[in-house]
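# Geometric and topological summary
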Amino acid sequence: MTERPKVLDVKGLKTSFFTDDGEIPAVNNVDFHVREGEVLGIVGESGCGKSVTSLSVMGLVPSPPGKITGGEILFQNRDLTKFSEKEMRDIRGNDIAMIFQEPMTSLNPLFKIGNQLKEAILVHRKDWSKRQAHARAVEMMQLVGLPRAEELMNEYPHQLSGGMRQRVMIAMALLCEPKLLIADEPTTALDVTIQAQILKLMGELNERLGTAVILITHDLGVVAETCQRVVVMYSGKVVEEGPVDTIFKDPQHPYTRGLLASVPDMRFKKDALYSIPGNVPKPGSIKTGCPFAPRCEHAWDRCVEETPPLYETASDHQTRCFLYDPKEVDSRDRTTVES
Amino acid sequence: MTEPLLKVEGLKKYFPVHSGVFGRVSGHVKAVDDISFFVNEGETLGIVGESGCGKSTTGRLLMRLLEPTEGKVYFNGKELTGITKEEMRKMRRDIQMVFQDPYASLNPRHTVEKILMEPLNVHNIGDPKDRKKKVYELLETVGLSSYHAKRYPHQFSGGQRQRIGIARALMTNPKLIIADEPVSALDVSIQAQVLNLMQELQKTLKLTYIFIAHDLGVVRHISDRVGVMYLGNMAELANSEKLYEKPLHPYTQALLSAVPVPDPDFEREQVVIEGDIPSPANPPSGCRFHTRCPYKMDICEKVIPKFAEIEDGHYAACHLYEESRPQ
């Protein structure tokens, strides 16, 4: 199989926030890529840097206090970190679009849905007439399964339900046929039956339009159901990356394993849930060593002293853990014997 | 059979909707509309449902934090709905509540010690020395340390705050704890810690829980029996294994099939139901689920199905099972 070209290639991204307490690296040396037509999941708990990663790609990190301090974001081989604000504006909503968690705050309550959709087209398609923009907006609303699309053009956001608003947001994101769609917790605010509808829709659109999708979520179930590849983040770092099958069936990083074991499964009752001891560290509080070391049952001296790199553990699968260091094979045997 | 710890009969809560200049009552939001169930001592009853189904209102009605419009609640054989506010206040020694948002439910200006001492002061339990001892004891019980007593809520993480919320509920040695979405604001790894803590406490202190949540996985994990609510009605109630393995009500079936499962190989029969949840201010006639139900019959639009026992201990409100019902 020939590999499809990369739409987005993030290399060594570092985004920091400069506060009174000094520099806090929210995203620290993150690498990942998305190929054409692929759905990539980024999972992690609050404060792991998954949202800041996506905001960095969009050039939307609030500045000050935030700033991209290193790395490259290659979109179709052009480095977005070097783009001016004006150039970014041409990319945003046109080549890369984003959907947010809360559709109510992303839509302007004072304007009709139709005007908001048309504005998004006319900003990027200067030669289009209003009529063309209107037709395109209605077409997209029908594509995302909104009933009475023509009427909805004249309604205000508050007249729609949460699920419908999220459909409008998806329609708006897809208006200009973006190459990449970033969805940041798109279904977290929705009820499960509505979430199922939206996820199904996003899957269908990905297949039909071939738009690459980055899905950011904390819900491992959503990832298993919609993504092809997964990046697991913890405390600003990628700790594991691999195809969805191996991440769920053969998770390698102790954090990924712990995370999967702590989700109650609806299909059967476990006697006791596994729980990772301790708390999620505050961003920037762990300066040296593996960020997961204080909570890790396998941690030894080396984990506290140096930061592990990503080790290739299977094809396409990487893990940031010394257990997979070829030089540590002895200690790896040791821990497997113990557990 | 022994008497259940809590029994609810025909509980209703209608919130009036005011409109116009004179604020005349123009309608009612039927947040909870005629639900009945019971909870046995020592068990966990889970209540699940989507937003607006009335699950939180139900929890508040049981505590009489909201006054029911109609219906009766019996606790330990005593009717809670008939007693005065003062008597109810005393009853709350035995029924305590844990809330969803550990950020909003702890007073930011009070130390943990003061927060935990409050229920003892209110109910006049023990002398100051005993009270202090109890605070330290319970902090240890919920996995915190006695030196945490002098700190303020903002110095704790979300999971620790929820532990404080649980400790506060336990201060008066209650029999029943109503937990309203106690883990939904927490991260997955912390959620597991709090769930395990709640299960441990139930064993050691012989507690009874009513666990209200929207996460079906969490509810299955912790509950012995589960009730599913939809638009103010109880759609189905059964022992948790039965409910998850063999759901009867079409809504339960759809709800269960909609939950994403963390296993990429898992194949399911997906019943994606169309449409949105109707507004509880103007619910559909007959069965409230008929607008989205894949098995809708003519009768469903007209007649409200009765909530009845269809199999042993398995209750559902659906016309599909009307004939098989024992007369």
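Residues numbered from 1 in each chain as written. Chains lettered and ligands numbered in written order. Predicted model: local features only at pLDDT ≥ 70, side-chain atom pairs only at ≥ 80, totals over all residues.

## Some thoughts on the nonpolar core
Quick reminder of the rule: A set of buried residues drawn from Ala, Val, Leu, Ile, Met, Phe, Trp, Tyr and Cys, joined through C-beta atoms within 7 Å, is what defines a nonpolar core. Think of it as a crowd count around each C-beta: if 20 or more other C-beta atoms lie within 10 Å the residue is buried, if 12 or fewer it is exposed, and in between it is partly exposed, with C-beta placed from the backbone throughout. Domain ranges listed in this record stem from an automatic or a database domain assignment. Remark: residues whose backbone-derived C-beta atoms lie within 7 Å of one another are considered to be in contact.
Core analysis: the biggest nonpolar cluster contains 183 residues, and A171(A), L180(A), I214(A) and A235(B) have the highest contact counts within it. Two domains each provide a minimum of three residues to this core, namely domain 1 (6-95 + 176-338) and domain 2 (107-175) of chain A. Residues in contact with A235(B), not counting those within four places in the same chain, are V228(B), M229(B), Y230(B), H249(B), Y251(B), T252(B), F289(B), A316(B) and A317(B).

## A look at helix α11 (residues 254-261) of chain A
Applicable threshold: Numbering of helices and strands starts at the N terminus; helices are DSSP runs of H or I of at least 4 residues and strands are runs of E of at least 2.
In terms of burial, α11(A) is a largely internal element, six of the eight residues being buried. Taken together, the buried residues of α11(A) touch α9 (220-226), β9 (229-234), β10 (237-243) and α10 (244-249) of chain A together with α6 (188-205) of chain B.

## A look at the interface of chain A and chain B
Selection rule: Gly counts as polar in this scheme, as do all residues outside two lists: the nonpolar Ala, Val, Leu, Ile, Met, Phe, Trp, Tyr, Cys and Pro, and the charged Asp, Glu, Lys and Arg.
On the side of chain B, 32 residues touch chain A, which itself brings 40 residues to the contact. Counting residues per element, the ones that place at least two in the side of chain A that touches chain B are α8 (192-209), α9, α10 and α11 of chain A. Element by element, the count of residues in the side of chain A that touches chain B is highest for α8(A), at seven residues. For the side of chain A that touches chain B, the class distribution of residues is 18 nonpolar, 12 polar and 10 charged.

## Some words on the confidence of the model for chain B
Definition in use: pLDDT expresses, on a scale from 0 to 100, how confident the predictor is about each individual residue.
When pLDDT is averaged along chain B, the result is 89; 98% of the residues meet or exceed 70. Under the prediction, the complex receives an ipTM of 0.81, its pTM being 0.86.

## Structural notes on the sheet that holds strand β4 (residues 70-75) of chain B
All names here are of chain B. Where we set the bar: Strands were regarded as paired on the criterion that DSSP finds at least two bridges between them. With axes taken as lines fitted to C-alpha atoms, and helix axes fitted only over the stretch in contact, angles between N-to-C directions fall between 0 and 180 degrees.
Strand order in the open sheet made by the four strands is β2-β1-β4-β5, with antiparallel pairing throughout. Of all strands in the sheet, those with a lone pairing partner are β2 (24-39) and β5 (78-79), marking the two edges. Bridging between strand β1 (residues 6-19) and β4 involves five bridges; their strand directions are antiparallel. Within the sheet, the bridge partner assigned to L6 lies in β4 and is F75. Across the sheet, helix α1 (residues 55-62) lies against β1, β2 and β4, angled at about 75 degrees from β2, the strand it touches most.

## A few points about the pairing of strand β9 (residues 225-230) of chain B
Residues and elements named next belong to chain B. Of all six residues in β9, six are buried, a share of seventy percent or more. Residue alternation in β9 divides its side chains into two sets, R225, G227 and M229 and V226, V228 and Y230, and both sets are buried. Where strand β3 (residues 44-48) lies against β9, four bridges are found, and the strand directions are parallel. Its bridge partner lying in β9, L45 is registered against R225. Two successive antiparallel strands, β9 and strand β10 (residues 233-239), enclose a turn made up of two residues, where L231 displays a positive phi of approximately 50 degrees.

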